[in-house]
Amino acid sequence: VEPRLKQNAMFKKLMKVLRKSRLLEHNQCLHIKAKVPILKFRLSQSQVDVDLSVNIYDGVRNSQAIRKNLMLFPQLRPLII
């Protein structure tokens, strides 16, 4: 099975579990199908926004690089989604 199809199936199952759990703000979960697919949702109790990707091994390093560059160049903030 193609890895992307496997990932999409896993995301669908995860979305179903999250919606049933009542952990989500307004029971909303968005599956963004991009080069690096992610699930976006907000936890209802803590109001924490979550972007979840799977099998992306350099995600933490990329997040740290973005944070560092924003500290050095705050004018970049409007460009970050």
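Engineer: What should I look at first to understand the overall build of the protein in this one?
Structural biologist: What the protein contains, in helices and strands, is 2 helices and 3 strands. Relative to the 2.2 N^0.38 estimate, which gives 12 Å for 81 residues, the radius of gyration of the protein is 15 Å and therefore markedly larger than a compact globule would have. Taking the principal axes of its C-alpha atoms as reference, the protein extends roughly 40 × 35 × 15 Å. Partitioning the intrachain contacts of the protein with sequence separation of at least 6 by distance along the chain shows that 21% fall at a separation of at least 24. Within the protein, one finds 16 positive and 5 negative side-chain charges whose respective centroids are separated by 4 Å.

Engineer: Any chance you could explain the confidence of the model for the protein here in plain terms?
Structural biologist: Keep in mind that low pLDDT regions are not for reading the predicted coordinates in detail. Per-chain confidence: the protein averages 82 in pLDDT, with 96% of residues scoring 70 or above. Across the protein, element-level confidence peaks in helix α2 (residues 59-72) with a mean pLDDT of 88 and bottoms out in strand β1 (residues 24-32) with 77.

Engineer: Would you take a moment to explain the sheet that holds strand β2 (residues 38-43) for this structure?
Structural biologist: Whenever strands of a sheet pair, they do so through backbone hydrogen bonds, lying parallel or antiparallel. One open sheet accounts for 3 strands, arranged β1-β2-β3; its pairing is antiparallel. Bordering the open sheet on either side are β1 and β3 (49-52), each of which pairs with just one other strand. Each strand of the sheet is rotated relative to its neighbour by a mean of 15°, with strand direction disregarded. Across 4 bridges, β2 lies against β3 in antiparallel orientation. By the bridge assignment for β3, Lys 40 is matched with Asp 51.

Engineer: Teacher, can you tell me more about the pattern of salt bridges here?
Structural biologist: Any two side chains of opposite charge can pair, on the condition that their charged atoms come close. Per the stated rule, a full pass over the model turns up 2 salt bridges. As a salt-bridge pair, Lys 40 and Asp 51 come within 2.9 Å of each other at their nearest N and O atoms. Of this pair, Lys 40 sits in strand β2 while Asp 51 sits in strand β3, placing them 11 residues apart in sequence. When its relative accessible area of 29% is taken as the criterion, Lys 40 is described as partly exposed.

Engineer: Before we go on, may I ask you to explain unusual backbone geometry in this structure?
Structural biologist: Glycine aside, the phi torsion of most residues is negative, and most peptide linkages are trans. The phi torsion at Arg 22 lies on the positive side, around 65°, for a residue other than glycine. Not every positive phi belongs to a glycine, and Gln 47 is a case in point at roughly 60°. Following the sequence through the fold, Gln 47 ends up in the loop between β2 and β3. Under the relative-accessibility criterion, Gln 47 is labelled partly exposed at 36%.

Engineer: How should I be thinking about the pairing of β2 in this particular structure?
Structural biologist: The side chains of a regular strand alternate between both faces of the sheet. In terms of strand pairing, β1 meets β2 through 5 bridges, oriented antiparallel. In the strand pairing of β2, His 31 is matched with Leu 39. In this structure, the hairpin formed by β1 and β2 is closed by a connection of 5 residues.

So, how was this worked out
- Residues numbered from 1 in each chain as written.
- Predicted model: local features only at pLDDT ≥ 70, side-chain atom pairs only at ≥ 80, totals over all residues.
- Heavy atoms only, no water.
- Helix = DSSP H or I, 4+ residues; strand = E, 2+ residues; numbered from the N terminus.
- Rg over C-alpha atoms; globule rule 2.2 N^0.38 Å.
- Contact = heavy atoms within 4.5 Å.
- Lys, Arg positive; Asp, Glu negative; His and termini not counted.
- Charge placed at Lys NZ, Arg CZ, Asp CG, Glu CD.
- pLDDT = per-residue confidence, 0-100.
- Pairing = 2+ DSSP bridges.
- Axes fitted to C-alpha atoms, helices over the stretch in contact; angles between N-to-C directions.
- Salt bridge = Lys/Arg side-chain N within 4 Å of Asp/Glu carboxyl O.
- Buried < 20%, exposed > 50% of the residue type's maximum accessible area, 1.4 Å probe, protein only.

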